[in-house]
Structure formats: structure tokens, C-alpha cells
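Reading the structure
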Amino acid sequence: MPSVSLSVDLLGLASLLIAFNTEAPPGNEGPCARFVANYLSDLHIDGADIEVHSFARDRSNVVATFGSGAPGLLLAGHIDVVPVKDASAWSSPPYEANIRGGRMYGRGSADMKSGLAAMLAAISSAKGRKLKRSLSLVATAGEEVGFDGLDALVREGRLKRIKARCGVVGEPAEMKVVRAHRGGLTCQVAFEGRSAHAGDPSLGVNSIENCGRFLTALGPARRRLSATRDPDLGRTIVTPTMISGGTKSNVIPGACELTLDSRLIPAVGSKAVLKELDTVILALSRKDRSFKAKVQVLYETPALSVPRDAEVVRLSESLTGSTSGVAPYGTEAPVYCGLGTPTVVLGPGSVRQAHIVDEYAQVRQIKSAERVYRRMIETVCL
Ligand SMILES: [Zn+2]
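Remember, it's a predicted structure, so these values are computed and weren't measured experimentally.

**What about the side chain of Arg107?**
Within the secondary structure, Arg107 sits in the loop between strand 5 (103-105) and helix 3 (109-123). Classification of Arg107 by relative accessible area gives buried; the value is 2%. Reaching out from Arg107, the side chain makes a polar contact with the backbone oxygen of Pro83 at a distance of 3.4 Å. Other than its neighbours up to four places away in sequence, Arg107 contacts Ile18, Val81, Val82, Pro83, Val84, Trp90, Pro94, Tyr95, His355, Ile356 and Glu359.

**Considering the packing of aromatic side chains**
Under the criterion given, the structure shown has 4 aromatic pairs. Ring centres of Phe20 and Phe35 lie 5.4 Å apart, and the angle between their planes is 50°; on these two criteria the pair is classed as tilted. Of this pair, Phe20 sits in the loop between helix 1 (10-19) and helix 2 (30-42) while Phe35 sits in helix 2; the two residues are 15 residues apart in sequence, bridging distant segments of the chain. Consider the rings of Phe191 and Phe291, whose centres lie 6.1 Å apart with planes at 75°: the pair is edge-to-face. Remark: Phe291 occurs in the loop between helix 6 (270-287) and strand 16 (293-301) and Phe191 occurs in strand 9 (residues 183-192); sequence separation between them is 100 residues. For Phe291, a relative accessible area of 3% puts it in the buried group.

**Comments concerning the state of the cysteines**
Two cysteines joined by a covalent bond between their sulfur atoms form a disulfide. One pass over the structure, following the stated rule, counts 0 disulfides. Between Cys166, a cysteine without a disulfide, and Cys381, which holds the nearest cysteine sulfur, the sulfur-to-sulfur distance is 8.8 Å.

**Points about the sheet that holds strand 4 (residues 98-100)**
Strand order in the open sheet formed by 3 strands is 4-5-20, with antiparallel pairing between adjacent strands. Each edge of the open sheet is held by one strand with a lone partner, namely strand 4 and strand 20 (360-362). Pairs of neighbouring strands in the sheet enclose a mean axial angle of 25°, with direction left out of account. Here strand 4 runs beside strand 5; their pairing, made up of 3 bridges, is antiparallel. Paired with Asn98 across the bridge in strand 5 is Tyr105.

**Notes on the sheet that holds strand 13 (residues 237-245)**
If you trace the 4 strands from one edge of the open sheet to the other, you get 13-15-9-16, paired in antiparallel fashion. The open sheet is flanked by strand 13 and strand 16, the only strands paired with a single partner. Within the sheet, the average angular offset between the axes of one strand and its neighbour, ignoring direction, is 20°. Packing of helix 5 (residues 207-225) onto the sheet brings it into contact with strand 9, strand 13 and strand 15 (255-264), and relative to strand 15 it is tilted by some 15°. Strands in contact with helix 6 are strand 9, strand 13, strand 15 and strand 16; relative to strand 16, the strand with the most contacts, it is inclined by about 170°.

**Some details on the environment of Leu131**
Mapped onto the elements of the fold, Leu131 is located in the loop between helix 3 and strand 6 (133-140). Separated by 85 residues in the primary sequence, Leu131 and Asp46 have C-alpha atoms spaced 7.2 Å apart. With residues near it in sequence (within four places) discarded, Leu131 still touches Ile45, Asp46, Phe66, Gly67, Ala126, Cys381 and Leu382.

**Some thoughts on the pairing of strand 15**
Burial analysis of strand 15 places 7 of its 10 residues in the buried class, the great majority of the element. The sheet contact formed by strand 9 and strand 15 spans 10 bridges and is antiparallel. Paired with Val189 across the bridge in strand 15 is Leu258. In the sheet, strand 13 pairs with strand 15 via 8 bridges, with the strands oriented antiparallel. For Ile243, the partnering residue across the bridge sits in strand 15 and is Leu258.

**Some remarks on the pattern of salt bridges**
The full count for this structure, using the stated rule, is 15 salt bridges. The closest approach of N and O atoms between Asp49 and Arg161, which form a salt bridge, is 3.3 Å. Here Arg161 lies in the loop between helix 4 (148-155) and strand 7 (164-169) and Asp49 lies in strand 1 (residues 49-56), a separation of 112 residues in the sequence. Asp49 sits in the partly exposed class, given a relative accessible area of 37%. Between Arg179 and Asp232 there is a salt bridge, and its shortest N-O distance comes to 3.2 Å. Note that Arg179 is positioned in strand 8 (residues 178-181) and Asp232 in the loop between strand 11 (229-230) and strand 12 (234-235), a separation of 53 residues in sequence. Asp232 sits in the partly exposed class, given a relative accessible area of 25%. Among the charged side chains, a network of salt bridges with common partners joins Asp49, Glu51, Glu156, Arg158 and Arg161.

**Section: the domain arrangement of the protein**
How big an interface is tends to be stated in terms of the accessible area lost upon association of its parts. What the domain assignment reports for the protein is domain 1 (10-180 + 303-380) and domain 2 (183-301). When each unit is reduced to the centre of its C-alpha atoms, the spacing between domain 1 and domain 2 is 37 Å. Listed as interface residues are 10 residues of domain 1 and, on the opposing side, 8 residues of domain 2. Summed over both partners, the interface of domain 1 with domain 2 comes to about 680 Å²; 63% of that surface belongs to carbon and sulfur atoms. At the boundary of domain 1 with domain 2, the tally comes to 2 salt bridges. Run the count over domain 1 and domain 2 and you get 2 residue pairs in polar contact (both at pLDDT 80 or more). Elements with a minimum of two residues in the side of domain 1 that touches domain 2: strand 8 and strand 17 (304-305).

Each value, and the rule that gives it
- Counting starts from 1 at the beginning of each chain's written sequence and moves along it residue by residue.
- For a predicted model such as this one, the threshold for reporting local features is a pLDDT of at least 70, and the threshold for listing and counting side-chain atom pairs is 80 or more; totals across whole chains, interfaces and linings nevertheless cover every residue.
- Side-chain measures here rest on the full set of heavy atoms in the structure, leaving out hydrogens and waters.
- Note on conventions: DSSP H or I runs of at least 4 residues are helices, E runs of at least 2 residues are strands, and numbering of each starts at the N terminus.
- Burial classes: relative accessible area under 20% of the type maximum marks a residue as buried, over 50% as exposed, and values in between as partly exposed (1.4 Å probe, protein chains only).
- Polar contact is the term for a pair of N or O atoms within 3.5 Å; when the atoms are in protein, one must be able to donate a hydrogen and the other to accept it, and sequence-neighboring residues count only if both atoms are side-chain atoms.
- Note on definitions: a residue-residue contact is assigned when non-hydrogen atoms from the two residues lie within 4.5 Å.
- Aromatic pairing here means that ring centres of Phe, Tyr or Trp (its six-membered ring) are within 6.5 Å. Orientation follows from the plane angle: under 30 degrees is stacked, over 60 is edge-to-face, and everything else is tilted.
- Whenever a pair of cysteine sulfur atoms sits within 2.5 Å, that pair is classed as a disulfide.
- The pairing criterion for strands is at least two bridges between them, as found by DSSP.
- Axis lines are fitted to C-alpha atoms, over the contacting stretch for helices. Their N-to-C directions set the angle, which ranges from 0 to 180 degrees.
- Salt bridge, as used here: a side-chain nitrogen of Lys or Arg that lies within 4 Å of a carboxyl oxygen of Asp or Glu.
- The start and end points of each domain follow an automatic or database-based domain assignment.
- In short, buried area is how much 1.4 Å probe accessible area vanishes from two parts on joining, totalled over both.

Here you go:
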């Protein structure tokens, strides 16, 4: 493996990370993951254990731990970016970082290669120091396509060796501390009817009408689900967002599919939503045996809610001089919380810049991120 020059500065490191095209789909995070692992191993930090974890062809995560002491700090993020689609719409090539007007432009500059660069640069401060508590870095693949890299790590038990009392995910948050966000659940309800000539509807089962019955019956269930209010995140919301059904204007539709988007608070999560959907379907099928519907989960992310007085919240607030708040998007942070590490979101760049043409992060925020992560390492691990 080629050696990574440690003389490269923070912005140089961010540029090198941006130069890897890690668009997901398809992902292809392997080369970038190996670069991250090489950078970390070249630091020769005390008690280093660095793993490039491949879970599919050209798809890899990095899990690194340093020191063998008591639980310390976890720095986490993702390697993949969303696809560019049309590079000609950009003012400069998306995979060549370009600094102008105090901003670093490039795909992933905000989400979240500059955050990852700041974490790597901060970890280099532990070089030659004795770690009193452990320091870990997890860089995942496929965050943008449903956390498939992180799912593989959890499924295979690869994160068991991470023991941390404080965790930070470096997603774009303009260096303000995020301690809560809603979760998400996207599911599809498939209504199975029976096609027939529209001249005699009694010969068929109209799946669109069954979908209509379901939507009517869903009303009280949606109200029950939104009855509980979280002081930070509001209420769980279930919304029908897409519908398709039927094949021809004169045919009784044999199939209809409805997509439901749910935004979840911790107290009323995906289990509660799925239970309500099942209850509605069961009640309708008891009334009418020709009513058939099946729920399929397409996408699910848990909600984040770290207590205001948690050590990681207080530390992050004091190092950034900001008050913690909530985010309008989902992250991998709740997964780390579920594994026992209270984890906040704190990173450079704005979510308004994520996923768009001419994505950028403010250079001063990238530098501030490195300083804050460095201070965190000093406070928690050294
Ligand atoms: Zn992201």
C-alpha cells in the first residue's frame, strides 16, 4: 500500500478525500477506506488496531481503535457521497476540491469528507502521546443508501471493541451541537385485488377501492400515533406520499401500492407504526375477506435523543460555545447510541449545502472542526 504523506495539511487531506469518487450508489468506497486506514497506520499511535472491513465488492468500512485503556472517545462519519449526476452543472469539477471565497467546493465537501478530514487531522495529535482512554474512528460506507456499511458492521459484531463514553458523528451541522433528530420509516402497502372487466365489477376485487378503505381507516391510527409529543422533536407523523395502481381504464385494478412516509420520535418508533398498520389491515380483512394487504418496510432509521445533561453534550457545548439543538435530518448517531456510546452530531458545513450542485463547506468551519475534535481527544483521552 502506498504511504500517505503525513505532511499534508487539513485542507490537503480534505481535498485528497474528495478526490475519491465514492458515489453511492454504487459506493466503491474501497480505495478511500484503504487511504483512511493507511493514513491512520502511518501515525504509529500507541495500541493501534486498524481494520478495513469489506462487506461487498469494492465496499469497505474502516474501524480503528487506539490505546487499550478505559472507554474514551468515538469519532465517526461516512465515506460515501451522493451521486453528482451532471458534472457540467458545477462551476468547478466536483471531484477536484476548489477553494474560493473562503469556501471549499467539491462533492462531499460538506457531507462529509471535510468532517472526516478534520477527524483524521485531530487524531494525528495523539501521535507520540500516551492514551489514558481509548480513541476510536469509524468511517462507514453506504450511509447515503440506507446505512448498509454500518448495518454490516453491527451484524458482524465488528463494533464490539468500540468502548466510548462520548461519541461524535461529523455530519454537516455548521459546528453546532445536535443532540436529537427524528427517525424515519418508509414503507409500502401492497393491496392485492383481482382484475376483471370493468363492465361487471362484481367479478373482481378493486385494489384501489381497498386502498381507499385503508386510508380512511388509517385516520384514527395516525391520530393515535401523533398523540405523544416529544419536547424536542414534536410528534410522530405518518403521511401517504405515493400511490400507484391499475393497468387500464376499463379494467378493475388487481394491484395498488401505497407508500407511507413516517417521521418518528423515540417514544413512538417504527414498531408502534407497524403495529397500527397491521391492526388496521386485520380489522378491514375481518370485515371483508377479499381485503388483502401486505406491509413492506423499505427504509428505516432510528431517532436520536441524547439527554441535555449527558457528558458528550456538555463537553461539545463547552468546546463550541453553542447550545445543543435538533436537526431536520437523520444520521448514524442513534445506532452508536444503541451500542452504548452517547453520540451527538457535530461537523463542519451546512446541511443546506449537502447533496447539491456546487456543494461547499466554509474553510473556517473545517478548521474549527479540527480544533474542537483535537480538544475532545485531549479532554477525554489524554
Ligand atoms: Zn452525510
